[in-house]
Amino acid sequence: MPTMTVTRNNFDATVANSHIVLIDWGAQWCEPSRRFAEVFAASADLHPEIVYGTVDIDAEKQLTEMAGVSAYPTLMAFREGLLVYSEAGVLPAETMEELVQQILWLDMDQFRRELAQLSATVSVGAPEQPPTTITYQKRAGHAAVTDRYGWPGL
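Residues numbered from 1 in each chain as written. Predicted model: local features only at pLDDT ≥ 70, side-chain atom pairs only at ≥ 80, totals over all residues. Heavy atoms only, no water.

> When you look at the confidence of the model for the chain in this model, what are you seeing that I'm missing?
On average, residues of the chain score 85 in pLDDT, and 79% of them reach the 70 mark or higher. Note that residues 129–154 has pLDDT below 50 and, in this model, 62 contacts with residues that lie over four places away or in other chains. (pLDDT = per-residue confidence, 0-100. Contact = heavy atoms within 4.5 Å.)

Right, here's the structure in full:
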């Protein structure tokens, strides 16, 4: 499945109306962005059930700033409207596939409980920390994912 162009006009609707959305933030002038674009497109071909979107950071400066993206490429993953992963850098194809599998099998009930717990502990006046990432290899994150695939409890 081809990737779609994500803009400020369709970002919210895309994230809200799709079960899983992966967004690649990059630029044509950026060599790492061009390399990752190939991996991203190949992953899109493997997973037609997932919405793959790209944001051109030069054309969508306001959206890029609103999302807090400052390094390119940056990959963001949303599941059921919630940000579950955000990391800058180029992923090799194998690592990208492992990440997709972890997002597919992420225990969203547990993620929501941890998110609610995090929200309850944010003190008044302190900057709120958004959910960061799923646990993935060496990347520390908010939601834990088991090493085995399958629905929670199976």
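> Sorry, what's going on with the environment of V39 here?
Within the fold, V39 resides in helix α2 (residues 31–46). Overall, V39 belongs to the buried group, its relative accessible area being 17%. Along the chain, V39 and E94 lie 55 residues apart, while their C-alpha atoms are 9.3 Å from each other. Other than its neighbours up to four places away in sequence, V39 contacts L91, P92, A93 and M96. (Helix = DSSP H or I, 4+ residues; strand = E, 2+ residues; numbered from the N terminus. Buried < 20%, exposed > 50% of the residue type's maximum accessible area, 1.4 Å probe, protein only.)

> Can you help me understand the packing of aromatic side chains in this one?
Two descriptors summarise a pair of aromatic rings, namely the distance from one centre to the other and the angle between the planes of the rings. Inspection of the entire model under this criterion finds 5 aromatic pairs. Seen in terms of ring centroids, F11 and W25 are 6.2 Å apart; in terms of plane orientation they differ by 55 degrees. Their pairing is tilted. A residue pair is termed long-range when its members are at least 10 positions apart, and F11 in helix α1 (residues 11–16) and W25 in strand β2 (residues 20–26) qualify at 14 residues. A ring pair is formed by F11 and F78, whose centres lie 5.8 Å apart and whose planes are at 85 degrees; its orientation type is edge-to-face. Of this pair, F11 sits in helix α1 while F78 is found in strand β4 (residues 74–79), placing the two residues 67 residues apart along the sequence. F78 gets classed as buried once you look at its relative accessible area, which sits at 8%. What links up through ring pairs into an aromatic cluster is the set F11, W25 and F78. (Phe/Tyr/Trp six-rings, centres within 6.5 Å; stacked < 30°, edge-to-face > 60°.)

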